[in-house]
Amino acid sequence: MPSDAKLTIDGKTYSLPIVEGTEGERALDITSLRSETGLTALDPAYGNTASCTSGITVIGGDRGILRYRGIPLEEFADKPNFVEVAWLLIFGKLPNSSEYQQFSQRLTNHANLDEDMKHHFMGFPRSAPPMAILSAMISTLSCFHPQLLELHTSDEIEAAAARLISKIRTLAAYTYRHSHGLPYIYPDPSLPYTSNFLHMMFSEPYKRYESSEEVRRALNLVLILHADHEQNCSTSTVRMVGSSRANLFASCAAGVSALWGPLHGGANVKVIEMLEAIHQGNQSADEFINLSKDKSSGIRLMGFGHRIYKNFDPRAMMLRKVCDEMLDTLGIHDPLLDIAKRLEDIALNDEYFVSRKLYPNVDFYSGIILRAIGIPTNMFTVLFAIGRLPGWIAHWHEQNSDPNMRISRPRQIYTGNPKSPYIDVRDRT
Ligand code: SDX
């Protein structure tokens, strides 16, 4: 296999090294392109650009693979444990029992918010979008943990990761409680990660919420399936912000904002809105599919398609199975699941979707699971953020551990006005 590529510009030939990753994916190394040729490479939306090397997650678009630190996603399905997957992503290996105990204890110890943070919730209207509150409050956490603004040792990383991963649950639950005028429910140190989140969401001062084993297992798996996905939009945002040596809290707050977009993490909300519109009889599944194929409609089949996966998103397949199992065990019949399956069947046999290799992605079934748990639709992307947080922290840590890290600063091709004179206001048309 050639170790370099030849590039000829204006009669001069240059050599560009070809680098190869663990899974055999290859890239042109263009780090010397501008210094040697004076040219840059234009690639809007970075569809052809590898922004970094990373050892955290690999996804195989054509093979439908997804591995965290080399471990296939499917291996986590039997005994889903979000906390140990978070450790795996951040520190590169599954925790041994003492590491797991210490990290779990740190999550338990740091579930509470500083009491003064509650005043910030009072400043938000009850109708405030939960992702706006989450981003603001993650950034606000940095004000209450100044000792974690600069992280140098592995223990400091673990301390900051524990606070963020633990407190994001509390921030999410209090966001929900505030929006409904409900009293805040303090975390219960006797409860494991997901149970404590559900307790803070749904318990009342006079009545404790007891989650079932099926719900705890399903929620652990949903969070694991969202935990990382290499250089997606929000993770690339965290890396970009972190490259200026902005602190971990500020970088993750930026990741929340990027995730909010309907083309990214916000799609899980749009999927449910789409299914509900069909259920309410506004359109049939067939009519909706036809609309989503018509560019002029501006409508897309939300939860379908992916920049990388040109085969099934393995997460969608696992989430569909969790959907079936959990709803069956809980004795829930959700008509939206029937509609989702109908849409999938139609699309997978429609040339428009088949020719464009559009398959269900992570957002297509996740909302139905969250609905069955009782999570309101406007909180779905917040749940995505809780799942994705360990991935953001892992990428921030990987990048900031690189002694050669530089601030990210892409170039551009200028297409604006040529040099022009200043015109006095009296002479302007
Ligand atoms: C996530 O990057 C990640 O890894 C993200 C994520 C993660 O874990 O971080 O996996 C999470 O964000 C999943 C994606 C959630 N978004 C949606 O479900 C929104 C609906 N999907 C699309 O908007 C779209 O498929 C994207 C955004 C996911 C991918 O967009 P691309 O790669 O830029 O694809 P494109 O817009 O260039 O589409 C290619 C063609 C176009 O048609 P043509 O111009 O070739 O005729 O496919 C069409 C598009 O119009 N198309 C769709 C479609 N998705 C693409 N047509 C109808 N419905 C869709 N959903």
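Below, the structure is looked at part by part. (Residues numbered from 1 in each chain as written. Predicted model: local features only at pLDDT ≥ 70, side-chain atom pairs only at ≥ 80, totals over all residues. Heavy atoms only, no water.)

## With respect to the sheet that holds strand 1 (residues 4-9)
1) Next: Strands sit in the order 1-2-3 across an open sheet of three strands; the sheet is antiparallel. Both edges of this open sheet fall to strand 1 and strand 3 (26-28), since each of them pairs with a single strand only. Taken pair by pair, the neighbouring strands of this sheet meet at an average axis angle of 30 degrees, ignoring direction.
2) Next: By the bridge criterion, six bridges tie strand 1 to strand 2 (residues 12-20) in an arrangement that is antiparallel. The partner of I9 across the bridge, within strand 2, is K12. (Pairing = 2+ DSSP bridges. Helix = DSSP H or I, 4+ residues; strand = E, 2+ residues; numbered from the N terminus. Axes fitted to C-alpha atoms, helices over the stretch in contact; angles between N-to-C directions.)

## Considerations on the packing of aromatic side chains
1) Next: Tallied over the entire structure, the rule returns 14 aromatic pairs.
2) Next: Relative to F103, the ring of W87 has its centre 5.6 Å away and its plane inclined at 65 degrees; by these criteria the two rings are edge-to-face. Here W87, found in helix 2 (residues 82-91), pairs with F103, found in helix 3 (residues 97-109); they are 16 residues apart in sequence, far enough to count as distant. There is no split in this pair, since W87 and F103 are both buried.
3) Next: Where F121 meets Y184, the ring centres are 5.8 Å apart and the plane angle is 50 degrees; that geometry is what we call tilted. In this pair, F121 sits in helix 4 (residues 118-122) while Y184 sits in the loop between helix 6 (154-179) and helix 7 (193-202), placing the two residues 63 residues apart along the sequence. Residue F121 shares its accessibility class with Y184, and that shared class is buried.
4) Next: Members of the aromatic cluster, each reached through a chain of ring pairs, are F304, Y352, F353, F364 and Y365. (Phe/Tyr/Trp six-rings, centres within 6.5 Å; stacked < 30°, edge-to-face > 60°. Buried < 20%, exposed > 50% of the residue type's maximum accessible area, 1.4 Å probe, protein only.)

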